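Architecture and fold: a report
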Amino acid sequence: MNTNEMGRRSFLKKLGVATAVVSGASSLSSCSSDNKQAASGTQSKAGQGEMTYRVHPTNGDKVSILGYGCMRWPMKKNDQGKDIVDQEKVNELIDYALAHGVNYIDTAPVYLQGQSEAATGIALKRHPRDKFFIATKMSNFGTTDFDECVKIYKNSLEKLQVDYIDYYLLHSIGGGKGIETFNERFINNGLLDFLLKEREAGRIRNLGWSFHGDVKVFDHVLAMDVKWDFVQIQLNYVDWRHASRGNVNAEYLQAELDKKGVPSVIMEPLLGGRLSKMADHLVARLKQRRPEDSVASWAFRFAGHHKGVLTVLSGMTYKEHLEDNLRTYSPLEPLTDDELAFLEDTAVLYKNYPIVDCNDCKYCMPCPYGIDIPGILLHYNKCVNEGNVPKSSQDANYREARRAYLVSYDRTVERLRQADHCTGCGQCNEHCPQRINIPKEIERIDKFIEQLKQETL
Amino acid sequence: MTSKIRKILAGIFFTLITLLFLDFTGTIHAWFGWMAKIQFLPAVLALNLVVVVGLIVLTLLMGRIYCSVICPLGVLQDIMGWFGKKAKKNRYRYSKPLNILRYIMLGVLVVALVAGVAPLAALLAPYSAFGRIAGNLFAPIYQWGNNLLAMIAESMDSYAFYSVDVWLKGGITLIVAIVTFVVLFVLAYRNGRTYCNTICPVGTVLGFLSRFSYLKPVIDTGKCNGCGLCARNCKASCIDSKNHAIDYSRCVVCLDCIDKCKQGAIKYVPRTKAAAQTAPKKDADGSRRAFLATTALMATAGYAHEKKQKMDGGFATIIDKEIPRRKTPITPFGSLSAKNLAQHCTACQLCVQVCPNQVLRPSGDFMKLMQPEVSYERGYCRPECTKCSEVCPTGAIKPITKEEKSSTQIGHAVWRRCNCIVHSDKVECGNCARHCPTNAIQMVPQNPNDPKSLKIPVINTERCIGCGACEYVCPARPFSAIHVEGHEVHREI
């Protein structure tokens, strides 16, 4: 198979087409369609094509399809060994992104232990205010007190060093006790009224909300007598029809928004990297179709595919992530029906893996008992993908897999922060936007590790 | 030639025995664990008649070859002495034996063993002294080296090496090891085997036997020109070249003299041939070096707790656990009872060194000085591990299987409400119950009238084996809310 692909690749090079769009299987017919695509301007090399923009249906904002998520800025250790944002790198990333057409920047007061807004603000201050749209959120998870909440809002303006916020969100509704929690956070304390007045005053240009979890809250809030300018939802080719327990299929969410004409902002297009760090045979499957494109590019093309999508957020920690996404979106090449079906099949295959739905957002952290929750879950996922989670001691690679799992576990997660120290208190659960039953998953992994250690698998 | 064979054999024994103390993977033990078990004093304590008789026969046959090949402390002194010989050639000279001192030391050991004064016996035992040096001084270097390799392996995404914690297991033991090492180095550097022929009780016992050994090095008076080169290269200071006499109670059969003698006058031959040669006369003069008697310094050094101030922001700080005040100390699985351990253990540190769960550490208690003690701040006695019982050469920790271990009670868990997070933090936990390998812990609602009230652990002490899983995984810090009290005598449950 590989030699076939190589042959096709060199053939395409001769034709002078940079990226092949291989929707069919064999060579000649697909080449002719490539030429058509190329003629209509679908070459995708970073900086070569033009970024795709979407126009906001009511206010006319021309928003880049790639939005910058500021939850995963590069970190470094300061003198005291504390993790702080690497401001120099952030500046470089923001400069590069803006220079290549990105104009939507999304942050929140709680990101990166509260460091994201300030760092983002510093980087953006170096650019004209009209060159970007800034989005931030009302992250009133710890308090429902009106004054405290207003303080969170004012603080955002200050940290971002702006007079107005382009896109302001009620952060992560649908969690906790559903509508009851929503009312406590935004209605009973008069906070929504305040935010609506701020919108009238122009300090908030667009008001919306981000959603995870209980579909009743989604329906209820969307039906409220409030003009929502946008809604942020979790959308990717797995969640489209196979949302995990406690979450809602994105197909439904997007359809509801389309009905109302409310544009969507997409989060978790890549599931925190889970749709790029996949098991080998899924990687091979995606790469086989488009050998020169990244695995992640499939997820981004899917996320941006739907017409109602205003922008797709990506938390790009490294320049390479940014470059890859720019390549995918400059411009966005729509998925064919065949490709959509192919991705749906891929999603089904993906769901067969016992992957934990952790997107490494770290909302659950810090665990009061010191457990490294995302560390444990992501390490497990990594081992699943690498085939190092043996099902029994009879597996062919049992010994290597056991050693790989246990050695890399100690390397990745400090011993006192490992799964065996989880108290099962469940304080983390309410914070998880993916609604993972964290103590249950941790216990499952702990039991598995015990079986590995005691060789009783 | 013969001395070359001796050196090669000694090198093999020394390397492998040292590796027993360094290797934390258990691979070396599987193959060469017997090397610790053929050490004289451990074999005596283990009542291992086969080994004891074997060593006696060996000595009667070949002299104190044990001291130059099998005993790691002896070979270590040869290595130290090599530096001395590098600095100054032909540095040794004959000296008269200090038999009174030797027999006193042997007497002290016997009395200490019989009376159960463990620390004294431990100080005198040569193999244990080596174990402490290897475990406290060599092992950290080995482990740091390993950790460096692990770092490199990690950067290459290889699982060939994994890093291990290097931690101070016992301050007093470390000090004893350092003092022993320094004293030995000074003695061996200057005078060779002084320790072996004045202090070492094993040397004294074997020396008594080796007088009558079948094979021995003998000076051929016909060939000897009296140059004295042999005496000046005898690390045991036992060749009286003037009188062509060798003190066989001190000769460790290193056979260096044979190589040194330019006349070929010394041969390692059977007694029958030796009779043909001149008998030794009484020694007239002979100087001796002053012997340094040094006792170990007693210094109070508790466990140095390195405070792990990990201020990641993303992580809650975890403070180190502290050792609870146990009414009865815990002794390892297989040790049968505190008494059995105290009577047989020579504090060689082999068990401490191989414990992969950081459970064993040398005691700082005077009566059990440097003998292994169990505690669960850094790990617990895991069900799949029986390493300490496999390696113990003295029978202080007797071999035990995983199955036997799971039904042996070395202690029992005790719950303290005030520390439990169910009480202090008002949250659910139950981690102790989840990790109990014998299901000795049940979680019950704390209010008998309210089944929905938070659950607290209750311990069925009849089922508890004292492994410490509960104590280790308990989230309460620095003192666990559940801890193990030892039992003086282990029981079967």
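Here the structure is a predicted model, which means the values were calculated and not measured. Along each chain, numbering runs from 1 in the same order as the chain's sequence is written. Labels follow written order: the first chain is A, the first ligand is 1, and so on. With pLDDT at 70 or above as the cut-off, local features in this predicted model cover only qualifying residues; side-chain atom pairs require 80 or more to be listed or tallied, and sums for whole chains, interfaces and linings still use all residues. By convention in this description, side-chain values take in all heavy atoms of the structure and omit both hydrogens and water.

1. Observations concerning the overall build of chain B
Quick reminder of the rule: Only DSSP runs of H or I reaching four residues or more are called helices, and only runs of E reaching two or more are called strands; each is numbered from the N terminus. Only protein chains enter the accessibility calculation, which uses a 1.4 Å probe; a residue whose area is less than 20% of its type maximum is buried, one above 50% is exposed, and one in between is partly exposed. We call two residues contacting when some pair of their heavy atoms lies within 4.5 Å. In this charge count, Lys and Arg are treated as positive and Asp and Glu as negative; neither His nor the chain ends contribute. Taken as the charge location is NZ of Lys, CZ of Arg, CG of Asp or CD of Glu.
A count of helices and strands for chain B gives 23 helices and ten strands. Once the C-alpha set of chain B is aligned to its principal axes, its extents read approximately 100 × 50 × 40 Å. Counting over 493 residues, chain B shows a buried share of 53%. In chain B, the share of contacts with a sequence separation of at least 24, taken over all contacts with a separation of at least 6, comes to 74%. Here chain B carries 58 positive and 31 negative side-chain charges, and the mean point of each set is 12 Å from the other.

2. Concerning the packing of helix H6 (residues 179-187) of chain A against helix H8 (residues 215-222) of chain A
All names here are of chain A. Short version of the rule: Here an axis means a line fitted to C-alpha atoms, over the contact stretch when the element is a helix, while the angle between two N-to-C directions is reported on a 0 to 180 degree scale. For classification purposes, angles smaller than 35 degrees are called roughly parallel, those larger than 145 roughly antiparallel, those between 65 and 115 roughly perpendicular, and all remaining angles oblique.
Contact pair H6 / H8: the axes reach a minimum separation of 9 Å and the direction vectors enclose 50 degrees. Here H8 runs oblique to H6, going by the angle between their axes. Every residue of H8 that contacts H6 at Ile179, Phe182 and Asn183 is listed here: Lys216, Val217, His220 and Val221.

3. Regarding the confidence of the model for chain B
Interpretation of the predicted coordinates at a detailed level should be avoided for regions scoring low in pLDDT. Residue and element names in this part refer to chain B. How we decide: Residue-level confidence of the predictor is what pLDDT reports, using numbers from 0 through 100.
Summing up the model confidence of chain B, the mean pLDDT is 85 and the portion of residues at 70 or higher is 91%. Mean pLDDT values for the elements of chain B range from 68 in helix H16 (residues 271-274) up to 95 in helix H23 (residues 469-473). Across residues 278-313, where pLDDT falls below 50, the model places 64 contacts with residues more than four positions away in sequence or in other chains. The complex prediction reports pTM at 0.71, with the ipTM value standing at 0.71.

4. Some details on the nonpolar core
Definition in use: Working definition of a nonpolar core: buried Ala, Val, Leu, Ile, Met, Phe, Trp, Tyr and Cys residues. They are joined through side-chain atoms within 4.5 Å.
Counting 138 residues, the largest nonpolar core has Trp209(A), Tyr237(A), Ile373(A) and Tyr405(A) as its most contacted members. With seven residues, helix H12 (residues 295-305) of chain A is the single largest residue contributor to this core. Excluding anything up to four places from it in sequence, Trp209(A) contacts Leu169(A), Leu170(A), Ile173(A), Phe218(A), Val221(A), Leu222(A), Trp228(A), Phe230(A), Val231(A) and Gln232(A). One finds Ala36(B), Cys67(B), Ile239(B) and Cys251(B) within the second-largest nonpolar core, a separate group that totals 77 residues.

5. Considerations on the domain arrangement of chain A
Residue and element names in this part refer to chain A. The cut-off we apply is this: The domain boundaries here were taken from an automatic or database domain assignment. The term buried area means the drop in 1.4 Å probe accessible area that two parts suffer when joined, counted for both and summed. One speaks of a salt bridge when a side-chain nitrogen belonging to Lys or Arg is within 4 Å of a carboxyl oxygen belonging to Asp or Glu. Pairing of N or O atoms within 3.5 Å defines a polar contact, subject to two protein rules: one partner must be a possible hydrogen donor and the other a possible acceptor, and residues neighboring in sequence count only if both atoms are side-chain atoms.
Along its sequence, chain A is organised into domain 1 (2-39), domain 2 (53-351) and domain 3 (373-454). Placing the centre of domain 2 and that of domain 3 at their C-alpha centroids yields a distance of 29 Å. Across the contact, 17 residues belong to domain 2 and seven residues belong to domain 3. Buried surface at the junction of domain 2 and domain 3, summed over both partners, amounts to about 840 Å²; 35% is from carbon and sulfur atoms. Counting the contacts that link domain 2 with domain 3 gives zero salt bridges. The tally of links from domain 2 across to domain 3 stands at five residue pairs in polar contact (both at pLDDT 80 or more).

6. Some points on the environment of Lys398(B)
Secondary-structure assignment places Lys398(B) in the loop between helix H19 (387-391) and helix H20 (402-406). Contact partners of Lys398(B), with chain neighbours within four places excluded, come to Gly334(B), Ser335(B), Leu336(B), Asn340(B) and Ser389(B).

7. Overview of the sheet that holds strand S10 (residues 230-234) of chain A
Strand pairing in a sheet is mediated by backbone hydrogen bonds. Such pairs are either parallel or antiparallel. Residue and element names in this part refer to chain A. What counts, and what does not: Whether two strands pair comes down to DSSP finding at least two bridges between them.
The strand order around the closed barrel built from eight strands is S3-S6-S7-S8-S9-S10-S11-S12, with neighbouring strands paired in parallel fashion. Neighbouring strand axes in the sheet, compared pairwise and without regard to direction, differ in orientation by 30 degrees on average. With three bridges connecting them, strand S9 (residues 204-211) and S10 associate as parallel partners. Bridge pairing in S10 links glycine 208 to phenylalanine 230.

8. Re unusual backbone geometry
With an omega dihedral of -10 degrees, the bond running from Ser330(A) to Pro331(A) counts as a cis peptide bond. Residue placement: Pro331(A) occurs in the loop between helix H13 (319-329) and helix H14 (337-351). For the bond running from Arg477(B) to Pro478(B), omega is 0 degrees, close enough to zero to count as cis. Structurally, the position occupied by Pro478(B) is in the loop between H23 and strand S10 (482-492). Although it is not a glycine, Leu271(A) sits at a positive phi angle of roughly 50 degrees. Tracing the backbone shows Leu271(A) in the loop between strand S11 (264-267) and helix H11 (280-289). Positive phi values are uncommon outside glycine, yet Gln358(B) reaches one of about 55 degrees.

9. Remarks on the pattern of salt bridges
Across all of its chains, the model carries 45 salt bridges over all chains by this definition. Its salt-bridge partner being Glu414(A), residue Arg417(A) comes within 3.3 Å of it at the nearest N-O pair. Here Arg382(B) makes a salt bridge to Glu384(B), at a shortest N to O gap of 2.7 Å.

10. Details of the environment of Ser276(A)
Residues and elements named next belong to chain A. Residue placement: serine 276 occurs in the loop between S11 and H11. Look at serine 276 and you get partly exposed, because its relative accessible area is 27%. Linking serine 276 and serine 297, residues 21 residues apart in sequence, is a C-alpha distance of 8.6 Å. Those residues in contact with serine 276, other than ones at most four positions away along the chain, are Leu270, Val295 and Ala296.

11. What to know about the domain arrangement of chain B
All names here are of chain B. The condition is simple: We call Asp, Glu, Lys and Arg charged. Ala, Val, Leu, Ile, Met, Phe, Trp, Tyr, Cys and Pro are nonpolar, and the rest, Gly among them, are polar.
We note that the domain assignment places domain 1 (2-133 + 176-214) and domain 2 (308-492) within chain B. Taken over C-alpha atoms, the centre of domain 1 sits 36 Å from the centre of domain 2. The interface is formed by 25 residues belonging to domain 1 together with 22 residues belonging to domain 2. Taken over both partners, the interface formed by domain 1 and domain 2 buries close to 1,900 Å², and the fraction arising from carbon and sulfur atoms is 67%. Of all residues in domain 1, Phe21, Leu45 and Pro119 give up the largest surface area on contact with domain 2, accounting jointly for 27% of the area buried on that side. Across the domain 1-domain 2 interface, the total number found is zero salt bridges. One can count five residue pairs in polar contact (both at pLDDT 80 or more) joining domain 1 with domain 2. When grouped by side-chain class, the residues that make up the side of domain 1 that touches domain 2 number 16 nonpolar, six polar and three charged.

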